[in-house]
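Structural overview
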Amino acid sequence: MKNKYKIASLLFSVTLLLTFFNPYQTVSASTSGSTSDGTLLVNGQPFFPFGFYEVAWGQIPWHTNNFTVESDVASFARVTNVKGVRLKILKANMVQNYFGIVEIEVNDGSGPNLATSATASATSVHADPNHSPAELNDGSLSNDYASGTFPAMPAYVTLTWNSAKSFDKVTLKAWLCHTIAPTHYEVEVSADGATGWTKVASSYKMPAGKLSADMHQLAADGFNVMHPSADLDNGFDTSFVDDAGAKGIKLMPENIATLVNYNFLAQWKDKPAILGWSICDDCDPYIDPATAQSYQDAVRAIDSNHITYGTGAHYTYEPGYNVGSYVNILDTMGRQMYPIGTSIPMNTVYAAMKDTADAYRAAGKPAFGVIQTFSWYQIAPSLQPDPVLGRAPDASEVRNMTYQALAAGAKGILFFPYYYAPNNTTIPADLYAETKAMVPEINALKPALMLGNKTEVPTGNPNLRVTHWEYDGKVYVIVVNTSYDSVANVPYHQPGGPGTPANVSASIPLPAGYQNAVAKSMFTRLPSTLSIGTDGKLSGTVGAEQVQVYELTPVGKYDPLVTGQTLGALRNDFTGEAGFNFTIGGTARTVTSLGRFYVSGNNKSHTVSLYKESDKSLVASCTVNMAIGTADVSGFKYCTLPASITLAANTSYNLVSSETSGGDQYYHDDTTVTLGSGTANFAIFKWNGVWYYDGSASQSFGPVNLLFKDSSNFSMLTGKTLGSPQNSFTGEAGFNFTIGGTARTVSSLGRFMGNGNSGLHTVSLYKESDKSLVASCTVNMAAGKADGLGFKYCNLSTPASLSANTSYNLVASETSGGDRYYHDDTTVSLSNAWTANFAIFKWNGSWYYDGTVNQSFGPVNLLYY
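Residues numbered from 1 in each chain as written. Predicted model: local features only at pLDDT ≥ 70, side-chain atom pairs only at ≥ 80, totals over all residues. Heavy atoms only, no water.

**Looking at the packing of aromatic side chains**
On inspection of all chains with the given rule, the structure shows 41 aromatic pairs. Each ring, one from Phe67 and one from Trp175, has its centre 5.2 Å from the other, and the planes form 75 degrees; the classification is edge-to-face. On the criterion of sequence distance, the pair formed by Phe67 in the loop between β4 (50-53) and β5 (70-92) and Trp175 in the loop between β10 (155-174) and β11 (182-190) is long-range, its members being 108 residues apart. The exposed category is assigned to Phe67, whose relative accessible area is 57%. Here the aromatic rings of Phe223 and Tyr432 are separated by 6.0 Å at their centres, their planes lie at 45 degrees, and the arrangement is tilted. (Phe/Tyr/Trp six-rings, centres within 6.5 Å; stacked < 30°, edge-to-face > 60°. Helix = DSSP H or I, 4+ residues; strand = E, 2+ residues; numbered from the N terminus. Buried < 20%, exposed > 50% of the residue type's maximum accessible area, 1.4 Å probe, protein only.)

**Quick notes on the packing of helix α10 (residues 395-407) against helix α11 (residues 429-451)**
Running from amino to carboxyl end, α10 crosses α11 at an angle of 20 degrees, the nearest separation of the two axes being 9 Å. What the angle tells us is that α10 and α11 run roughly parallel. As for the relative orientation of α10 and α11, their crossing is right-handed in sense. Along its contact with α10, which presents Ala395, Val398, Arg399, Thr402, Tyr403 and Leu406, the element α11 presents Asp430, Leu431, Glu434, Thr435, Met438, Glu441, Ile442, Leu445 and Leu449. Of the residues belonging to the contact of α10 with α11, the class tally is 9 nonpolar, 2 polar and 4 charged. (Axes fitted to C-alpha atoms, helices over the stretch in contact; angles between N-to-C directions. Parallel < 35°, antiparallel > 145°, perpendicular 65-115°, else oblique. Left-handed = near helix turned anticlockwise from the far one by under 90°. Contact = heavy atoms within 4.5 Å. Nonpolar A, V, L, I, M, F, W, Y, C, P; charged D, E, K, R; others polar.)

**Some words on α10**
The end-to-end C-alpha distance of α10 is 18 Å, a good match for the 18 Å that 13 residues give at a rise of 1.5 Å each. In terms of burial, α10 is a largely internal element, 11 of the 13 residues being buried. At the exit of α10 stands Gly409, carrying a positive phi of roughly 110 degrees. (Expected span 1.5 Å × (residues − 1).)

**Here's the deal with the side chain of Arg391**
Along the polypeptide, Arg391 turns up in the loop between α9 (376-379) and α10. Taking relative accessible area as the criterion, Arg391 reaches 17% and is therefore assigned buried.

**Things to note about the nonpolar core**
One finds Leu251 and Tyr403 to be the most contacted residues of the largest nonpolar core, which totals 81 residues. Of the residues forming this core, the biggest block, 10 residues, is contributed by α11. Apart from residues lying up to four places away in sequence, Tyr403 is in contact with Met438, Glu441, Leu445, Ile478, Val480, Phe523, Leu526, Val547 and Val549. Core analysis: the second largest hydrophobic core is formed by 34 residues, Leu87, Ala92, Ile104 and Tyr185 among them. (Core = buried A, V, L, I, M, F, W, Y, C linked by side-chain atoms within 4.5 Å.)

Geometric descriptors of this kind do not, in isolation, establish any biological role.
Okay, here's the thing in structure tokens:
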């Protein structure tokens, strides 16, 4: 049998080699969308963007702010036989509400200044005739042209000649550069001086190859997204786009003037590297919704397969600050958060991100955090003249702002570096080192951030932000102290002083079932000062500006099939499915997750499948992505089944993982496994549709594993027969039941997931005798997956005790015209000698009993132990 395995592997290797050299093979373009809770999808798979805005473009690097004349030279391939040249002014420093230019010079190589023989004009003219367009080319450096106040952008200044000219250089000269000089412009030429203007240069002067070099660096350091300007002058070309796709970097190009050009979009839209199109920078306050909609329509008419993106400015934190105006236009929004060096406190990053994330999540769209990694002084000295107060963030602040954004619900993070100096177009080394250090942290958290059940925990302290996610049987907790230490971080300008001291006390309630969990700090470089106390809360002191991240593993909630392994030889020369055959013990068990052992360097996806041995029928399967998440203490990574399945007692099954020749490594069948219950029979593999048995007792390929649900966690309902659907009632509806002779503890409350349900429902448990509220929580029908019986649950913050032989009312809130649920002709079966008495509803403050034995509205359910 081992020989068959090797032959199979060899045959497939030959096939793979032929496929690899097939010249007609093509690579499909990526597509992007989102889930109902705002998780971004790429090719149908969850994707968490973590990367940078283009790290090397910038404005004109003016140095002084006096009457010293400074020059900015635009060189380009020599143009011939043209009668006009103009500067298209895109942005300018306008502290005095206008911009000025001392002189424009035009040269052909080292030849004389051709501008002095031209006629100058401008689209915006100052009221003072001493600043007329004639000053643009009079050869004097002692006067200047000035625009009118608040000129419309783009503004144009133009030189025209009566006879055709040839040249290769235009020089812009200015003074008071931080106050009134242009900062961004393009050079355009025209054959007749009036029509057919063509761009030949711009102020975006990225060094040759810099864009690709930056992209390569990001890819090497584990980032997955780059947001570049779609500008050929900056190196955005076919080679760059194809190389990004090969490096695994997704691109979100920005430059609306280019993107809406049909030829440009048609050229790039089918490239695998494209994630989406950035069409609306600083939407609020600079681009009104109607204009943004026109951009959206122009792009969508050409490309319907990729998201559109825009950013909201970080100038205010009033809830809904223009965010709602773009929710139904853009596919996703990035919130700019640049407080360091301004009068805005750092802790408002959370408020800004939450405002945006909540609005977009409600529409089933993602929102990204755009984090400051630049200095306000260096980008706008006229507005922030103090280099100390206007400093860049330090590494600790970048980390704190990033985790604030995550805690507030960001579904992606993009760092904004802007620029620093003419020859230094990347962010400071300490900030880049910090962003790079967060790559493995984000990778470990990605599954929970994208797919987990998110809960923002109220703390009563605006400087302490706590959010946790329940995912795959664990809880992941982010704790952020946004306050400053007033000594370590001086100077920091905000109203009232340089910062707020300090340490804060934390007492964080945890979901039901996790009050006695094992709390593990996920990242060794971050502090860990919290622990779960006897009150079942995560408590302790969080230092000023600290970020702490924990993984909580419940005690006894899940049991692995494989409890130990002795690893054999590594291999990756086979394509098929491989694992082992086992026999379940004398008790039926419920399986929630399937797993594969993680070998260092593994980064592919593997479908783990469970087959019944007797007829080889597929029982369950799911896909483990070895590139995300962290392995458990035994070395396995898991995927969660869409619905748990039950394995019959004393029955044999085959548990196998898909493998690909040349792909991830795994261990050969000389690996042995120890089971917590049941019997490990022999290694097994499936190749070309045929099963092969390989090895002796307790041996396995892989190895592979699965998780059993602990039998102490019960569902009250064991079955139901659904009645007629309805949604014409506003109130609470469910059923009355009597608990059996043993007191129980309730951990979760649930409501049945009907087709199309997407609302929020408060499920409540009342004691029948006095109608007192025992427990309640809210189920989000739009989030998570239903269990095997079709219910979705919310976890109680504190488990509720139910007395033996006592009756209770379990009901869910319903709204007329809202989610559909089932009428009281629905019947339910209960476990453990509990009794379903009758359907019940509460309306206008009064209780009504409806139906006969075993009937229920909803239906509703609970989990107990």
